[in-house]
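Results of the structural survey
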Number of protein chains: 2
Amino acid sequence: TDRIGQRLSGSPGAAAAVAWSAEEFRRDGLARVRTEKVMVPHWIRGEEFALLLSPSPVPLSVTALGMSAPTPSGGIAGDVVEVSSFDELHALGEKARGKIVLYYKPMVRHPDGDSYGAAAGLRYRGASEAAKQGAVAMLIRSLGTLSARLPHTGVQAYEDGVEQIPAAALAAEDADLLHRLLASGERVRVRLSLGCRTLPDAESANVIAELRGSSRPEEVVVIGGHLDSWDLGTGAIDDGAGVAVSMEAMRLLKKLGLRPRRTIRAVLFMNEENGNRGGLAYAEAHKEELASHVAAIESDSGAGRPLGFDVSAGAGGLERVTALARSLVSLGATRVLGGGEGVDIGPMRLAGVPLLSLRQDMTYYFDWHHTAADTLDKVDPRELSDNVAAMAFMAYALADEETPLPRIPEAERVVPKR
Amino acid sequence: TDRIGQRLSGSPGAAAAVAWSAEEFRRDGLARVRTEKVMVPHWIRGEEFALLLSPSPVPLSVTALGMSAPTPSGGIAGDVVEVSSFDELHALGEKARGKIVLYYKPMVRHPDGDSYGAAAGLRYRGASEAAKQGAVAMLIRSLGTLSARLPHTGVQAYEDGVEQIPAAALAAEDADLLHRLLASGERVRVRLSLGCRTLPDAESANVIAELRGSSRPEEVVVIGGHLDSWDLGTGAIDDGAGVAVSMEAMRLLKKLGLRPRRTIRAVLFMNEENGNRGGLAYAEAHKEELASHVAAIESDSGAGRPLGFDVSAGAGGLERVTALARSLVSLGATRVLGGGEGVDIGPMRLAGVPLLSLRQDMTYYFDWHHTAADTLDKVDPRELSDNVAAMAFMAYALADEETPLPRIPEAERVVPKR
């Protein structure tokens, strides 16, 4: 993160991260180190600003949401209407026409980061929903748990056939200002200017390395995180941490001479943030092999201390993982719950591959997530090490058990909607 | 802070703050409401950026220090040398020539904000000290206690006869990055571009209002904070809070019909941040009257809960204030120590006026001080109210006591050096 910097898909940093991680895997003596081609969206940010025009001229701290369309040069001005849900938006009827819709839904600090999901739905689909009501742009209060004048970016996606209006996040303070002014009955008018652009898809890659299994090498446990990051910070917690956890788990197992029956395969995915092309490409390229993937474990919740694992598997799988995780009691990482998932490993669900997510303490994760302050200093080396231990242990255990985890039942082999 | 925004000296916001506060004082029914002319420096920020050139291109989060000279158009590039003190700088000898000097001195979180002073000396004098060694620019790790990718501005001053090199603060994360790279032996090269300018002095004002004393109205207790702010945020804790504390203390005393023997005079000072012209102008305009100023109390340490007062007075003064502050036990504001001061009230020290500073809990103050995140949400209304109570009480008590506080002895009537 210090030397390569941001790694948004299609950027020089993303390319450098592919080369660097492959080289590191080779240096660590791992097997079958390779890159697998992935074509990725190539979205670039450009200049951006927002200005409160009424009731008084105040600069607002703003950043485009990923994959947003630009504004016209010089920006777009409009009165602001505020909603906290799509229901409220729809209830506005014609009142959103010609307006800038502000989604205002503060998050709550919690170790599980629970309130992210609801707010992320507004971010992901909010532009198209607002456009359907005639809005000219959408703003959202940054999804975050700290007010440090940091706008939090994140991906949004346009619905087919709906006008693509510009979409951006305001820093909490600036959204709160608009909220207070609107609550006091003011007419609130804002100018938004976004210079972002979407270029033709670029070539990139997933990076793969293996610790070959001793007796059933064709059966595979995947572990991984994602190589790409947002462009504002340097993606240390999202997801430099998950990459480091996966690489270091591999290095340690190799160095210790620990070789389970099955193969452990680290996959460093590209493009988790704005397209999931890496996750989709891996599942497609390896579709013949997924029947012999016995588990996939993703680390993409930062570098907070490990709490345990979330698991999606067939009947009895949760209990199996719970029993294994008892060995992690000294780390405090014994909590095993359902709902294992991950953007990168998600597509393997369709083949029934048991999915585990390493669960980190996310109490402070959303303070920095997707901001310019996602930098190396946010990672506690000891907590990162504990995550490595938890990942290395669980990967080894699942790769070495006599009987693989029961697979996800047919009825649950669907990709969850955002 | 919401409607006027930033109030840097010479800005439209500063002018609006003068008009607004005078109007509010009148609305509150206070006596002799007036503005007193102050000519202020008029420094404006302009575009600014910094870029790490070597070992790899990374944008750095930077902001000019107040009163800095601009760089040439296109910026100035130089290798970076790091020091943590002027002694280290001087020991560099010729090694600083042609370089960019980085002052690297992290602060420590503390309720008293104690480590600000030492670091602020580096910020205030660092450019000229570096220029004397042949440096082409100076950077400083932001003076702050949180790493939130926020550069903290603050004033610096050039020494007469020394080349005026550009001076800027890096966000903690960016200074830490340079620090890590230098520690690993890398050549670190940076381009700095500052578009700031100093315009001709502008006309502004202190704003004054009184609660006339009942029996000795010509004797005065001054209370106040400063109207101006830095330009990155909206100056809610620095020093919207001190202004609010002073105005609300006056309003409450008036509303309650409390009229002490002596006059309480609220002075909202202009230009505390980058020149102290308001504090100097007040002392000059009122120099004949300062002999009958019995005390001056400043509130300029944010809006954290009140801890007590720092006092500069003659022998026995500390004990007198300590006895009075016992009445504030329910607020926990009973701590009375020496060292009362304040940039605005400081010039009155030369006339021996006893100086008190309302001491706020500064544990989190330097997280936001002089940043874009100094906004209204950082103020806890209850803690602000407690400060109002402490200020109103102490102002009334000092204005009503039979015997005024002993004045500062002749030997201590000097303005402290920065």
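Cut-offs used in this document
- Residues numbered from 1 in each chain as written.
- Chains lettered and ligands numbered in written order.
- Predicted model: local features only at pLDDT ≥ 70, side-chain atom pairs only at ≥ 80, totals over all residues.
- Heavy atoms only, no water.
- Axes fitted to C-alpha atoms, helices over the stretch in contact; angles between N-to-C directions.
- Helix = DSSP H or I, 4+ residues; strand = E, 2+ residues; numbered from the N terminus.
- Parallel < 35°, antiparallel > 145°, perpendicular 65-115°, else oblique.
- Left-handed = near helix turned anticlockwise from the far one by under 90°.
- Contact = heavy atoms within 4.5 Å.
- Nonpolar A, V, L, I, M, F, W, Y, C, P; charged D, E, K, R; others polar.
- Polar contact = N/O pair within 3.5 Å; in protein donor to acceptor, adjacent residues only side chain to side chain.
- Buried < 20%, exposed > 50% of the residue type's maximum accessible area, 1.4 Å probe, protein only.
- Buried area = accessible area lost by both parts, 1.4 Å probe.
- Salt bridge = Lys/Arg side-chain N within 4 Å of Asp/Glu carboxyl O.
- Phe/Tyr/Trp six-rings, centres within 6.5 Å; stacked < 30°, edge-to-face > 60°.
- Expected span 1.5 Å × (residues − 1).
- Bend = angle between axes of the 7 residues up to and from the residue.
- Pairing = 2+ DSSP bridges.

The next subject is the packing of helix H5 (residues 236–255) of chain A against helix H9 (residues 381–400) of chain A. Residue and element names in this part refer to chain A. Here H5 crosses H9 at 60°, and the two axes come no closer than 8 Å. Taken together, H5 and H9 sit at an angle that is classed as oblique. The handedness of the crossing between H5 and H9 is right-handed. Here H5 contributes Ala241, Ala244, Val245, Ser246, Glu248, Ala249, Leu252 and Leu253 to the contact with H9, which in turn contributes Leu384, Asn387, Val388, Met391, Ala392 and Tyr396. A class-by-class count of the residues in the contact of H5 with H9 yields 11 nonpolar, 2 polar and 1 charged.

Residues and elements named next belong to chain A. Along the chain, Tyr104 falls in the loop between strand S6 (100–103) and helix H3 (116–132). Distance in space between the C-alpha atoms of Tyr104 and Glu94 is 19 Å, their sequence separation being 10 residues. Setting aside anything within four residues of it in sequence, one finds Tyr104 in contact with Glu82, Val83, Ser84, Arg141, Ala175, Asp176 and His179. Side chain to side chain, Tyr104 and Asp176 meet in a polar contact 2.8 Å long.

Our focus in this paragraph is the side chain of Asp79 of chain B. Residues and elements named next belong to chain B. Of note, Asp79 is situated in strand S5 (residues 76–83). Looking at Asp79, the relative accessible area reads 16%, which means it is buried. Engagement of the side chain of Asp79 in a polar contact is seen with the side chain of Arg187, the distance being 2.9 Å. Polar side-chain contacts of Asp79 include one of 2.8 Å to the side chain of Arg189.

Glancing now at the interface of chain B and chain A. Counting residues at the interface gives 24 residues for chain B, matched by 24 residues for chain A. Of the roughly 1,900 Å² buried where chain B meets chain A, counting both sides, 49% is carbon and sulfur surface. Looking at the side of chain B facing chain A, the largest losses of area belong to Asp2, Arg3 and Arg149 of chain B, adding up to 31% of the total buried there. Taken together, chain B and chain A are joined by 6 salt bridges. Among the ionic pairs, Lys378 of chain B bridges to Glu173 of chain A, the shortest N-O distance being 2.7 Å. Where chain B packs against chain A, one counts 14 residue pairs in polar contact (both at pLDDT 80 or more). With 4 residues, the single largest contributor to the side of chain B that touches chain A is helix H4 (residues 172–183) of chain B. Classifying every residue of the side of chain B that touches chain A by side-chain character gives 11 nonpolar, 5 polar and 8 charged.

Moving on, we come to the packing of aromatic side chains. Residue and element names in this part refer to chain B. All chains considered together, the criterion is met by 10 aromatic pairs over all chains. Judged by centre distance (5.7 Å) and plane angle (85°), the ring pair of Phe86 and Tyr103 falls under edge-to-face. Of the two residues, Phe86 is situated in helix H2 (residues 86–92) and Tyr103 in strand S6 (residues 100–103); the sequence distance between them amounts to 17 residues. The exposure classification of Phe86 matches that of Tyr103, with both residues buried. Seen from their ring centres, Tyr365 and Phe366 are 5.0 Å apart, and the 80° between their planes marks the pair as edge-to-face. Overall, the relative accessible area of 3% leaves Phe366 in the buried class.

Moving on: helix H3 (residues 116–132) of chain B. Residues and elements named next belong to chain B. Between its terminal C-alpha atoms H3 stretches 24 Å, which fits the 24 Å expected from 17 residues at 1.5 Å a residue. Most pronounced at Arg125, the bend in H3 amounts to some 60°. Among the 17 residues in H3, 12 count as buried, and that is most of the element. Next to the buried residues of H3 lie H2, S6, strand S7 (137–141), strand S8 (167–170) and helix H8 (365–368). A positive backbone phi angle near 90° is found at Gly134, which sits one or two residues after H3.

Time to look at the sheet that holds strand S5 (residues 76–83) of chain A. All names here are of chain A. Across the sheet, which stays open at both edges, the 8 strands sit in the order S3-S2-S9-S5-S6-S7-S8-S4 with mixed pairing between neighbours. On the outer flanks of this sheet lie strand S3 (58–60) and strand S4 (62–64), each paired with one strand and no other. The mean inter-strand angle of the sheet, taken between neighbouring strand axes irrespective of direction, is 35°. Note: S4 against strand S8 (residues 167–170), 3 bridges, orientation antiparallel. The residue of S8 that forms the bridge with Val62 is Leu170. Those strands touched by H3 are S6, strand S7 (137–141) and S8, and its axis lies near 165° from that of S7. Sitting on the sheet, helix H4 (residues 172–183) is in contact with strand S2 (48–54), S3, S5, S6, S7, S8 and strand S9 (189–194), with an inclination near 130° to S3.

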